[in-house]
Amino acid sequence: MFKIKTPDTSHLKYEEFESVYDPAEDSFLLLDALEQELPLIHTLNPLIVVEVGCGSGVISSALSTCLPAAIVLSTDLNPAACRATQVTAAANKVQVQVVRTDILSTLSDRLRGQVDLLVCNPPYVATEDTEISGTGLPASWAGGNLGLVITRRVVESLREVLSEHGIAYLVLEQCNKPETYIPEMEELGFDCSTVISRRAGRELLYIVKLSRRKR
Ligand SMILES: C[S@@+](CC[C@H](N)C(=O)[O-])C[C@H]1O[C@@H](n2cnc3c(N)ncnc32)[C@H](O)[C@@H]1O
């Protein structure tokens, strides 16, 4: 049985990281799903692993620990999150390459068809679209219409960057209406399945796995 040890993020108490998302139930559910999926992930022998919206870096560092031969690339819009991810990686003695960018916008050309594993715990709370602005803490949760504005953009990028056998894991919440959004992702050419779901207070969280539909 493969295990994922939760990385040390004790430095997040430092004032400079006040605007960084603290790992919460959604982050831990994603880690649990990745732990459950590790046997499959190992069979892919992933070389390029990407996390979009790395926040504290807890997920990226866990992935780098489990997949030491992979290049782990992490992006976030929030400059403090990018620094926190670098500190988390150093504290946990792993390599993570951090790029401050919007989703994958400065990387997608170079990553076209190259990403073997992509994970994302996006801002998924349903808000007014106008709340999606800035690069501070609200960018961690404000997801606009149906909480899907950022998720839809991540899925669009996936169509470009995912390798032939690549897989992706996304966090969805019930306000995202998974029952209608999953068929939409299938229409875009992905096979989708729910790996785990869990209630966390008022939220009902899902981890959904995507891969390119085989012809
Ligand atoms: C819910 S937090 C998840 C943080 C971390 N991955 C975790 O699971 O604990 C979402 C993260 O996405 C980042 N984010 C929001 N919009 C983004 C965008 N357009 N491009 C890149 N990162 C973004 C936020 O700054 C935040 O760090």
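Details of the structure are given in the entry above.
Asks: Quick one: what's the story with the overall build of the protein, residue by residue and with numbers?
Replies: Tallying secondary structure elements over the protein gives 6 helices and 7 strands in all. The linear arrangement of helices and strands in the protein, starting from the amino end, is α-β-α-β-α-β-α-β-α-β-α-β-β. Whereas a compact globule of 215 residues would reach a radius of gyration of roughly 17 Å, the protein reaches 16 Å, a difference of no more than 12%. Counting only C-alpha atoms, the protein reaches 50 × 40 × 35 Å along its principal axes. For the protein, the proportion of its 215 residues judged to be buried stands at 43%. Considering only intrachain contacts with a sequence separation of at least 6, the fraction spanning at least 24 residues in the protein is 69%.

Asks: Just give me the short version of the sheet that holds strand β5 (residues 162-173), but keep the residues and values in it.
Replies: Think of a sheet as strands paired side by side through backbone hydrogen bonds, with each pair either parallel or antiparallel. Spatially, β3-β2-β1-β4-β5-β7-β6 is the arrangement adopted by the 7 strands of the open sheet, whose pairing is mixed. Only two strands of the sheet have a single partner each, and these edge strands are β3 (97-100) and β6 (190-200). Neighbour-to-neighbour, the strand axes of this sheet turn through a mean angle of 15°, independent of strand direction. Taken together, the 4 bridges between strand β1 (residues 48-52) and strand β4 (residues 115-120) define a ladder with parallel strand orientation. Across the sheet, valine 52 pairs through a bridge with cysteine 120, a residue of β4. Along the sheet face, helix α3 (residues 79-91) touches β2 (71-76) and β3 and points at about 175° away from the line of β3. Its contacts with the sheet place helix α6 (residues 178-187) against β5, β6 and β7 (203-212), and it is angled at close to 155° to β6.

Criteria and thresholds
- Residues numbered from 1 in each chain as written.
- Predicted model: local features only at pLDDT ≥ 70, side-chain atom pairs only at ≥ 80, totals over all residues.
- Helix = DSSP H or I, 4+ residues; strand = E, 2+ residues; numbered from the N terminus.
- Rg over C-alpha atoms; globule rule 2.2 N^0.38 Å.
- Buried ≥ 20, exposed ≤ 12 C-beta atoms within 10 Å, placed from the backbone.
- Contact = placed C-beta atoms within 7 Å.
- Pairing = 2+ DSSP bridges.
- Axes fitted to C-alpha atoms, helices over the stretch in contact; angles between N-to-C directions.

It is worth stressing that arrangement in space is one thing and function is another; only the former is reported here.
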